Amino acid sequence: MNGAILAGGRATRFGGRPKGLERIGGERILDRLVHAFEEAFAAPPLLVANDPEAPRWHPGLRVVPDLRPGLGALGGIHTAICRAPAPVVLVAWDMPFVTAELLGALAGGLEGVDACLPESGGRRGLEPLCAAYGPACAAAIEQVEEAGDRRAIAFHHLIRVGKLNDRTVRAIGDPAILFFNVNTAEDLQRAEEMARP
C-alpha cells in the first residue's frame, strides 16, 4: 500500500500561503501527515504538488506535479493513483489530525472494491480527499475528465465504491477532528486549540 499527500489548491482563503507548512502544536501539518503515513505503511508518502518550491518542503519525499494540470482535486487524485502508484491512500495536506490508524483502516477497506471513502459529517457525507483508491480509478477519472466533470466524486458511478462506516470511523476518533481541514487563519487557530492536550 502506498501513501500520497495532495498539496493542491491556491489557498486563496489563506492569503496564498502553503497551508501544509503552517504549524499546529509546534509541528508543520505536512510533517504531521508524513509521520502518520510512515507509522501506517513504514514508508514515506508521495507528495503531489505543483509549487516549484515543493521539493524543498520535505527533502525526504518524492514530489510530482499534476499529470493533468488545472483539474483541481480530481487531477490530484488521478496523479496520486498513477504516480504513487495505486493502491494508494491519499490525504489533502490541510488535514492535520489524520491518524495512522485511520490510514490503515482505509487501506484495509479496499478489499473487494475500487475505492474506500470514510463516512463523515461533511457536506458530501464522505471524504474523497482522505480515502483509498485502487488502479481501476485511473481510467474512470480519465473518462469523466474528458466529459468535463471535475468533481472529486465524479467517477464514482464507474467504479465499485466501499465505505468506512461511521461507527468504524468513530472508533478511531471524532470525525469532526479527524477530517478537520485548515482553510482560513481562523481554522488554523481552532486547530491549534484542538491540538492542545
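Given the structure is predicted, the values throughout are model-derived calculations rather than measurements. (Residues numbered from 1 in each chain as written. Predicted model: local features only at pLDDT ≥ 70, side-chain atom pairs only at ≥ 80, totals over all residues. Heavy atoms only, no water.)

Attention now goes to the overall build of the protein chain. What the protein chain contains, in helices and strands, is 8 helices and 9 strands. In summary, the protein chain has a C-alpha radius of gyration of 15 Å against a globular reference of 16 Å for 197 residues, a match within 12%. On the principal axes, the C-alpha backbone points of the protein chain span a range of 40 × 40 × 30 Å. Counting across all 197 residues of the protein chain, residues that qualify as buried make up 51%. Considering only contacts in the protein chain between residues 6 or more positions apart, those separated by 24 or more positions represent 67%. (Helix = DSSP H or I, 4+ residues; strand = E, 2+ residues; numbered from the N terminus. Rg over C-alpha atoms; globule rule 2.2 N^0.38 Å. Buried < 20%, exposed > 50% of the residue type's maximum accessible area, 1.4 Å probe, protein only. Contact = heavy atoms within 4.5 Å.)

Counted under the stated rule, the structure contains 8 salt bridges. The partner of R17 in a salt bridge is E22, with the nearest N and O atoms 3.1 Å apart. When the shortest N-O distance is used, the salt bridge between D31 and R28 registers 2.8 Å. Per residue, the accessibility class of D31 equals that of R28, and both read buried. (Salt bridge = Lys/Arg side-chain N within 4 Å of Asp/Glu carboxyl O.)

Buried residues dominate strand β6 (residues 88–92), accounting for 5 of its 5 residues. Side chains of β6 alternate between two faces, with V88, L90 and A92 and V89 and V91 buried alike. Both β6 and strand β8 (residues 130–133) contribute to a ladder of 4 bridges, which runs antiparallel. Across the sheet, residue V88 finds its bridge partner in β8, namely Y133. (Pairing = 2+ DSSP bridges.)

We now examine the packing of helix α3 (residues 72–83) against helix α5 (residues 136–146). One way to put it is that α3 packs onto α5 with a least axis distance of 9 Å and a crossing angle of 150°. With respect to α5, the element α3 is oriented roughly antiparallel. Where α3 crosses over α5, the handedness of that crossing is left-handed. For the pair formed by α3 and α5, the contact residues are L74, G75, I77, H78, I81 and C82 on the first element and C137, A138, I141, E142, V144 and E145 on the second. Residue classes in the contact of α3 with α5 are distributed as 8 nonpolar, 2 polar and 2 charged. (Axes fitted to C-alpha atoms, helices over the stretch in contact; angles between N-to-C directions. Parallel < 35°, antiparallel > 145°, perpendicular 65-115°, else oblique. Left-handed = near helix turned anticlockwise from the far one by under 90°. Nonpolar A, V, L, I, M, F, W, Y, C, P; charged D, E, K, R; others polar.)

By themselves these figures say nothing about function.
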